[in-house]
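So the chains spell out like this:
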Amino acid sequence: MKRNKILYTIIAMIMIVSMLAACAPSGGKAGGGGTLIVGRGGDSVSLDAATVTDGESWRVAGEILDPLVRLEGTSTKIIPWLAESFESTDGLTWTFKLRKGVKFHDGEPLTAEAVKWNFDRWMDPNNEWRYGLTFEYWDTEFGENTKVVETKAVDELTFSLTLAKPSAVVLAKLALTCFGISSPKAVQEQGDKYGTAAGTAVGTGPFMFKEWVPNDKIVLVANPDWWGDGPKLDSLIFRSIPDNSARLAEMLAGTILTGDLAQTDMPAAEADPNIANYTLPALSVGYIAFQQCMEPFDDVRVRKAIALAINRQALVDTFYTKQDSLATGFQPPAIMGHNPNIKGYEYNPDEAKKLLTEAGFPDGFTTDFWYIPVIRGYFPDSKAIGEAIAVDLAKVGITVNLVTEDWGTYLENRNQGLKPMWMLGWGSDNGDPDNFIGWHFAHPVGEPKVEDCYANDTLSQLLIDGAAEPDPAKREKIYQDAEQIVYDEVPRIPVAWVASRAFFRNEVKGYTPVVFRSWYEKLYIEEAK
């Protein structure tokens, strides 16, 4: 009980000193700042943000849907958003005062009942407005260890939720894009078309949905009634340009004004005087994962052999930039709980062969290896990286069949545990280790995740304890111990820690380097004179 009392005291002090509405934007005139065209490597899966986990969906949905709170951007400080204030005196019940006069894009008012409706849809697997969809982020972030046991509309503009036990990270979780508030009316009217190209997405955010042409573009327009300051842009267009070279060419030509560039294309953009670039600390990791309910990946010796057989440093030197680095552990140094004592898997094909022989595979084996079909900073040229990995593995007798599929199907089949070996990555959503190593390896004791079937109850309990521990020093030690277990058991092979990069044409004004959120509502286009 002593630890809980400490937690209650800390939370009460924070909330009393607290986040008032003055910390967040006040309303201002929207529009007049032109059209920002964003070039990206793939399309969104859905704009119903709570039902997806991919960044391409979130980056668009986050402009349409507002969460109750969010991260300030230049730091991980929690600030009011749709809730103008919030408080908790015991770490269990959290009360949010909503902004007055806010409306959804369809004209419906934002009320506590509307917020409760969203939470109930996320948390209740039998909710009629789910339409058979899964809510993976809710299930993970607010599963057994941070379970919400009650939601309540206290009055028209006061919403509260009650947890099963105190949490040190609940506000950081609620700041995630996936917990943006949708219009209940829009979801009910559109049914399973909500958030798709056949429907719309309706929130209270700075931009409103206008058009979605699959695998081509999504068009958003400024919300003239947004409660915040702006947006300054008239419209925001997200174009899907899968080919890296084509995306770079459009960036250099000015037909897109910002874009996701492959690491190998970044020097060309850096050399162009018409393009500004920004660098932020590494907050993401690219990794290789295994389905451990499938042989031979249930054997740690096989997993470690693969880790030793891959020349990860050569991959980093060839495909990444000087701002990126070889990943020695799962979490990058900027995330609490990074373990500096872990030195990483050294390239050692001879030792890899010995381990394979010990595991009963002296002649190796054959496996499918899935590579992602979109560009990501953590895997900037996924097919070429997959080919290089296949060459390394062939040297120790492992034959790799490289395969991929469209992005949405790729993620869904991964979730269902259908891939024996695959590449993916993770970028921190809020800077907290519970959202990094915790996201991947925390599960109810005795219930491993379907996607990889990795079961280590000691690790899981450490991560459960870490999410509840209010003392930062103790939390850090817990997560460092967890990192060591992940390193020893090799459920993931981390490849690279990737620094965040942003490239904008010089005519785009108003950008400040930020993490964990966009800055689109503050941007505008200054026409050349």
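Residues numbered from 1 in each chain as written. Predicted model: local features only at pLDDT ≥ 70, side-chain atom pairs only at ≥ 80, totals over all residues. Heavy atoms only, no water.

1. Points about the state of the cysteines
The term disulfide refers to a covalent linkage connecting the sulfur atoms of a pair of cysteines. For the structure shown, the criterion picks out one disulfide. With a sulfur-sulfur separation of 1.7 Å, C293 is cross-linked through a disulfide to C453. Of this pair, C293 sits in the loop between strand 12 (275-290) and helix 9 (300-309) while C453 sits in the loop between helix 14 (437-441) and helix 15 (457-468); the two residues are 160 residues apart in sequence, bridging distant segments of the chain. Exposure remark for C293: the relative accessible area of 55% places this residue in the exposed category. (Disulfide = S-S within 2.5 Å. Helix = DSSP H or I, 4+ residues; strand = E, 2+ residues; numbered from the N terminus. Buried < 20%, exposed > 50% of the residue type's maximum accessible area, 1.4 Å probe, protein only.)

2. Thoughts on the sheet that holds strand 5 (residues 93-98)
Taken together, four strands build an open sheet; the order of strands is 4-5-7-6 and the sheet is antiparallel. Of all strands in the sheet, those bounded by a partner on one side alone are strand 4 (83-87) and strand 6 (148-155). Adjacent strand axes in the sheet meet at a mean angle of 20° when their direction is disregarded. In this sheet, strand 5 lies alongside strand 4 in antiparallel orientation, the contact comprising four bridges. Paired with E87 across the strands is T95, a residue of strand 5. Of the strands in this sheet, strand 5, strand 6 and strand 7 (158-163) touch helix 3 (residues 112-123), which is tilted by about 165° from strand 6. (Pairing = 2+ DSSP bridges. Axes fitted to C-alpha atoms, helices over the stretch in contact; angles between N-to-C directions. Contact = heavy atoms within 4.5 Å.)

3. Regarding empty space enclosed by the protein
Under the criterion given, the structure shown has three cavities of 30 Å³ or more. Each pocket or cavity is described by its volume, and for the second largest cavity that value is around 50 Å³. Taken together, T328, G329, F330, I342, Y345, E483, V486, Y487, R492 and P494 make up the full set of residues lining the second largest cavity. Sorting the residues of the lining of the second largest cavity by element identifies helix 16 (472-489) and strand 17 (492-505) as the ones contributing at least two each. Per-element tally for the lining of the second largest cavity: the top contributor is helix 16, with three residues. Looking at the lining of the second largest cavity residue by residue, the class counts come to six nonpolar, two polar and two charged. (1 Å grid on protein atoms, 1.4 Å probe; cavity = no way out; pocket = protein on both sides within 12 Å on 5 of 7 lines; lining within 4 Å. Points joined across faces, edges and corners; volume = space filled by probe spheres on them. Nonpolar A, V, L, I, M, F, W, Y, C, P; charged D, E, K, R; others polar.)

4. Digging into unusual backbone geometry
For the bond from G230 to P231, the omega torsion is 0°, close enough to zero to count as cis. Even without a glycine there, the phi angle at C453 is positive, about 60°. Take C453: its relative accessible area is 22%, and that puts it in the partly exposed class. Look at V490: it is not a glycine, yet its phi comes out positive at around 55°. The topology assignment puts V490 in the loop between helix 16 and strand 17.

5. Thoughts on the packing of helix 9 against helix 11 (residues 349-358)
At a closest axis distance of 8 Å, the pairing of helix 9 and helix 11 adopts a crossing angle of 165°. Comparing their axes, helix 11 and helix 9 come out roughly antiparallel. Once helix 9 is placed against helix 11, the crossing between them reads as left-handed. Touching R301, V302, K304, A305, L308 and A309 of helix 9 are P349, E351, A352, L355, L356 and E358, all from helix 11. (Parallel < 35°, antiparallel > 145°, perpendicular 65-115°, else oblique. Left-handed = near helix turned anticlockwise from the far one by under 90°.)

6. Considerations on the nonpolar core
Among soluble globular proteins, nonpolar side chains are generally buried collectively. One finds L36, L68, F96, F119 and I306 to be the most contacted residues of the largest nonpolar core, which totals 148 residues. At eight residues, the largest contribution of residues to this core is made by strand 12. Discounting residues that sit within four places of it in the chain, L68 has contacts with P80, W81, L82, A83, F96, L98, V115, F119 and F159. Counting nine residues, the second-largest nonpolar core is a separate cluster that includes I241, M251, M266 and A269. (Core = buried A, V, L, I, M, F, W, Y, C linked by side-chain atoms within 4.5 Å.)

7. Overview of the pairing of strand 1 (residues 35-40)
Where strand 1 meets strand 10 (residues 235-240), six bridges bridge the pair, whose relative direction is parallel. By the bridge assignment, R40 is partnered in strand 10 with S240. Across two bridges, the pairing between strand 1 and strand 11 (residues 258-259) is parallel. Within strand 11, the position partnered with V38 by the bridge is T258.

8. Some remarks on the layout of surface pockets
Taken as a whole, the largest pocket spans an internal volume of roughly 910 Å³. Lining the largest pocket are 35 residues, with E136, W138, D139, T140 and K449 positioned closest to its centre. When residues of the lining of the largest pocket are traced back to their parent elements, those giving at least two are helix 4 (136-141), helix 13 (407-415), helix 14 and helix 15. A per-element tally of the lining of the largest pocket places helix 4 first, with five residues. Taken together, the residues of the lining of the largest pocket break down into 14 nonpolar, nine polar and 12 charged.

9. Describing the environment of A49
Within the fold, A49 resides in the loop between strand 1 and helix 2 (55-64). In this structure the C-alpha to C-alpha distance between A49 and R59, which are 10 residues apart in sequence, comes to 9.5 Å.

10. With respect to the pattern of salt bridges
On inspection of all chains with the given rule, the structure shows 21 salt bridges. One salt bridge in this structure joins D260 and R59, with 2.6 Å as the shortest N-O distance. With a gap of 201 residues between them, D260 in the loop between strand 11 and helix 8 (266-271) and R59 in helix 2 connect regions that are remote in the sequence. D260 gets classed as partly exposed once you look at its relative accessible area, which sits at 23%. The partner of E451 in a salt bridge is R414, and the shortest N-O contact between them spans 3.9 Å. Of this pair, E451 sits in the loop between helix 14 and helix 15 while R414 sits in helix 13, and the two are 37 residues apart along the sequence. (Salt bridge = Lys/Arg side-chain N within 4 Å of Asp/Glu carboxyl O.)

11. With respect to the packing of aromatic side chains
A complete count under the given rule lists 34 aromatic pairs for this structure. The interplanar angle of 75° and the centroid separation of 6.4 Å between the aromatic rings of Y278 and F504 together place this pair among those described as edge-to-face. Residue Y278 is located in strand 12, and its partner F504 is located in strand 17; the two are separated by 226 residues in the primary sequence. On the basis of an interplanar angle of 50° and a centroid distance of 5.8 Å, the ring pair of Y287 and F330 is categorised as tilted. Here F330 lies in the loop between strand 13 (325-326) and helix 11 and Y287 lies in strand 12, a separation of 43 residues in the sequence. Assigned by exposure class, Y287 and F330 land together as buried. One Lys or Arg, K449, reaches over the ring of W439 and ends 5.1 Å from the middle of that ring. (Phe/Tyr/Trp six-rings, centres within 6.5 Å; stacked < 30°, edge-to-face > 60°. Lys NZ or Arg CZ within 6 Å of the ring centre and 35° of its normal.)

12. Observations regarding the side chain of D299
Here D299 is to be found in the loop between strand 12 and helix 9. Given the relative accessible area of 17%, D299 is considered buried. Of note is the side chain of D299, whose polar atom sits 2.8 Å from the backbone nitrogen of R301. (Polar contact = N/O pair within 3.5 Å; in protein donor to acceptor, adjacent residues only side chain to side chain.)

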